[in-house]
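Read off the chains here:
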Amino acid sequence: MSSSENIHLTTKKKRLIFDAHLDLSMNAIEWNRDLTRPLDEIRQREMNMSDKNDRGKGTVCLPELRKGRVGLVVATQLARHTPYGSSLSGWNSPQQAWAMTQAQLAWYREMEALAEMVQITDLQQLETHLALWNDETIPDETKPVGYILSLEGADSLVNISYLHRAYEYGLRAVGLSHFGPGRYAPGTKTQGPVTPLGFELMKEMGKLNMILDVTHLTDEGFDQALDYYEGAIWASHHNVRKIVPNQRQLTDGQIKRLIERGAVIGGMLDCWAMDIRFIDMVSDPWQLDIKLENLVDHWDHICQIAGNSQHIAIGSDLDGIFGTEQSPWDMNSVADLQKFESILTRRGYTDADIDNIFSKNWIRFLRRVWK
């Protein structure tokens with residue numbers, strides 16, 4: 001290789017990445033993490049803390065997002081209501097859960113005030129933000145991270161009128177359920193149908209042209225949601241049940257239904273969703289050799305069903321109550337999402353395929369929904 005070729009390779013522009021699932025405000029508020037600070041500093045500050053499993057091991061902050069050219073994210077509000085007698089953590093009333101989502105919203109607004117982030121709620125704002133991140137005259141480290149606001153689990157919507165309040169402040173996607181029993185639908189590790197309140201919510205979401213996120217639904221709830229909801233649907237962070245056979249992942253039948261609806265499926269990087277051998281809080285990604293490439297196996301499976309690369313993307317969930325202790329061993333931070341370029345190339349994916357996975361599938365989806 002000539003020196004000029006080497007220089008070209010080392011200075012090659014990183015591709016833009018769109019990550020469709022990050023719990024940024026939950027980490028900022030409930031974990032008390034200042035996500036504007038460098039990752040090493042956040043880890044150092046948490047080094048002697050033991051209240052959360054991922055203390056000192058987090059992988060996500062705003063500087064690392066910019067470093068990895070993750071210029072667009074779907075960022076969540078998340079506050080679960082847990083009924084009396086439930087062993088899951090959560091809030092004792094929907095009103096308390098709503099109050100927590102409002103604290104999380106306030107954090108996003110503070111990030112906007114600092115020009116760290118910018119909210120995107122429509123097509124014009126999306127195109128403006130893409131133009132900014134494609135402008136090579138402006139350093140990436142000075143650009144705000146664009147975020148589309150999503151509600152992970154609808155428990156905090158005290159009643160249907162709260163959906164309209166949330167839409168007014170920019171909420172554009174909603175998942176009916178999270179873990180355990182839910183007011184609108186049961187979620188992961190449970191069984192059962194969408195509740196009557198859930199059907200009412202989907203009806204109102206359709207009127208507002210909102211995106212329904214099917215992640216965390218039960219199998220029965222998934223079928224009901226796809227039968228009932230006529231609006232846009234995506235699966236923000238989901239892997240393949242054929243590879244990891246548990247209820248949290250998508251069956252081949254579910255994948256086919258999502259493809260028929262024009263949905264995009266975001267691959268997640270929580271080790272237990274990538275390899276059936278992994279037990280959270282017990283296993284070690286190094287010992288099991290779980291690496292970034294494991295996710296490509298899931299993507300491959302979806303591509304074989306779809307016949308193309310237009311329905312897979314990134315929905316990393318890298319700050320979803322875990323850090324390096326539960327991430328692929330070859331990932332130190334969210335910036336390492338860029339490593340997928342060489343992995344995918346080696347696996348036979350074309351430049352166009354990689355662009356689809358990194359950002360274009362999510363962008364194409366939003367352009368269709370928001371046109």
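Just above, that's the structure.
Residues numbered from 1 in each chain as written. Predicted model: local features only at pLDDT ≥ 70, side-chain atom pairs only at ≥ 80, totals over all residues. Heavy atoms only, no water.

1. Focus on a nonpolar patch on the surface
Here is the rule we go by: Put simply, a patch holds well-exposed residues, over 30% relative accessible area, that have no salt bridge, with like charges counted together within 9 Å and Val, Leu, Ile, Met, Phe, Trp or Tyr side chains within 5 Å. Note on areas: Shrake-Rupley with a 1.4 Å probe; residue coverage comes only from the protein chains shown. One speaks of a salt bridge when a side-chain nitrogen belonging to Lys or Arg is within 4 Å of a carboxyl oxygen belonging to Asp or Glu. Helical segments are the DSSP runs of H or I of at least four residues, strand segments are the runs of E of at least two, and each set is numbered from the N terminus. Per-residue accessibility, obtained with a 1.4 Å probe over protein chains only, is compared with the maximum for each type, and a residue is labelled buried under 20%, exposed over 50%, and partly exposed between these values.
Together, Ile279, Met281 and Val282 give the surface a local cluster of nonpolar side chains, amounting to about 340 Å² of exposed area. Residue position: isoleucine 279 is located in the loop between strand S8 (265-267) and helix H11 (285-288). Using a relative accessible area of 46% as the deciding quantity, one classes isoleucine 279 as partly exposed.

2. A closer look at the pattern of salt bridges
According to the stated counting rule, one finds 24 salt bridges in the structure shown. The closest approach of N and O atoms between glutamate 341 and arginine 15, which form a salt bridge, is 3.2 Å. In this pair, glutamate 341 sits in helix H13 (residues 340-346) while arginine 15 sits in the loop between helix H1 (3-10) and strand S1 (17-22), placing the two residues 326 residues apart along the sequence. Of the two residues examined, glutamate 341 and arginine 15, each falls in the buried class. Where arginine 277 meets aspartate 275, a salt bridge forms, and the shortest distance between an N and an O atom there is 2.8 Å. The exposure class assigned to aspartate 275 is buried, which follows from its relative accessible area of 10%. One network of salt bridges, in which partners are shared, links Arg33, Glu46, Asp51, Asp54 and Arg55.

3. Regarding the nonpolar core
Put simply, the test is: Among buried residues, those of type Ala, Val, Leu, Ile, Met, Phe, Trp, Tyr and Cys that are joined through side-chain atoms within 4.5 Å constitute a nonpolar core. Residues are treated as being in contact if the distance between any of their heavy atoms lies within 4.5 Å.
Core analysis: the largest hydrophobic core is formed by 86 residues, its most contacted members being Leu24, Leu201, Leu258, Trp299 and Phe340. Once residues lying within four places of it in the same chain are set aside, the contact partners of leucine 258 are Val214, Phe222, Leu226, Ile233, Ala235, Leu250, Ala263 and Ile265. Counting residues in each nonpolar core, the second largest holds 22 residues, with Val74, Trp133, Trp234 and Ile363 among its members.

4. Considerations on the environment of serine 333
Short version of the rule: We define a polar contact as two N or O atoms separated by no more than 3.5 Å, with the added condition that, inside protein, one atom must be a possible hydrogen donor and the other a possible acceptor, whereas residues neighbouring each other in sequence contribute only through side-chain atom pairs.
For serine 333, the location among the structural elements is in the loop between strand S9 (312-314) and H13. Since its relative accessible area comes to 3%, serine 333 is described here as buried. Through-space distance from the C-alpha of serine 333 to that of threonine 59 is 4.2 Å; in sequence the pair is 274 residues apart. Setting aside residues no more than four positions away along its own chain, serine 333 makes contact with Leu39, Thr59 and Glu64. For serine 333, the side chain forms a polar contact with the side chain of glutamate 64, separated by 2.5 Å. In this structure the side chain of serine 333 is engaged in a polar contact, spanning 3.0 Å, whose partner is the backbone nitrogen of alanine 335.

5. Points about unusual backbone geometry
The residue asparagine 209 is not glycine, and still its phi comes out positive at about 55°. Considering the arrangement of structural elements, one finds asparagine 209 in the loop between helix H8 (196-207) and strand S6 (211-213). Using a relative accessible area of 39% as the deciding quantity, one classes asparagine 209 as partly exposed.

6. Concerning the packing of helix H10 (residues 252-260) against helix H12 (residues 293-306)
Operational definition: What counts as an axis is a line fitted to C-alpha atoms, over the stretch in contact for a helix, and the angles between N-to-C directions run from 0 to 180 degrees. The labels follow the angle: roughly parallel below 35 degrees, roughly antiparallel above 145, roughly perpendicular from 65 to 115, and oblique for the rest. Two helices crossing with the near one rotated counterclockwise from the far one by less than a right angle form a left-handed crossing, whereas a clockwise rotation gives a right-handed crossing. When residues are grouped by polarity, Ala, Val, Leu, Ile, Met, Phe, Trp, Tyr, Cys and Pro land in nonpolar, Asp, Glu, Lys and Arg in charged, and all others, Gly among them, in polar.
Where H10 meets H12, the axes come as close as 10 Å, and the angle between the chain directions of the two elements is 60°. In terms of axis orientation, H10 runs oblique to H12. Of the two elements, H10 crosses H12, and the hand of that crossing is right-handed. Residues Asp252, Ile255, Lys256 and Ile259 of H10 touch H12, and the partners they reach there are His301, Ile302, Ile305 and Ala306. Residue classes in the contact of H10 with H12 are distributed as five nonpolar, one polar and two charged.

7. Let's talk about the pairing of strand S2 (residues 70-77)
As a general feature of sheets, a regular strand has side chains that alternate between the two faces. Rule in force here: Here the rule is simple: two strands pair whenever DSSP picks up at least two bridges between them.
Burial runs high along S2: eight of the eight residues are buried. When S1 meets S2, the two strands line up parallel, connected through four bridges. Its bridge partner lying in S2, leucine 22 is registered against alanine 75. In the sheet, S2 pairs with strand S4 (residues 145-152) via six bridges, with the strands oriented parallel. Bridge pairing in S4 places threonine 76 opposite serine 150.

8. Remarks on the side chain of glutamine 249
With respect to the helices and strands, the residue glutamine 249 is situated in the loop between strand S7 (233-234) and H10. A distance of 3.1 Å separates the side chain of glutamine 249 from the backbone nitrogen of asparagine 239, its partner in a polar contact. Each residue touching glutamine 249, except ones within four places of it in the same chain, is listed here: His238, Asn239, Val240, Arg241, Val244, Gln254, Trp272 and Ala273.

9. Notes on the side chain of histidine 129
One can find histidine 129 in helix H6 (residues 123-133). On the basis of relative accessibility, which here comes to 5%, the residue histidine 129 falls in the buried class. At 3.2 Å, the side chain of histidine 129 and the backbone nitrogen of glycine 146 are in polar contact. Excluding anything up to four places from it in sequence, histidine 129 contacts Gly71, Leu72, Val118, Ile120, Pro144, Val145 and Gly146.

10. Some thoughts on helix H3 (residues 39-46)
Rules: Note that the arc is computed from the directions linking the helix axis to the C-beta atoms.
Listing the buried residues of H3 in full gives Leu39, Ile42, Arg43 and Glu46. Buried residues of H3 fall within an arc of 95° about the axis and therefore sit on the same side. Exposed residues on H3 whose side chains face more than 90 degrees from its buried face are Asp40, Gln44 and Arg45. Among the structural elements, helix H4 (62-67) are those in contact with the buried residues of H3.

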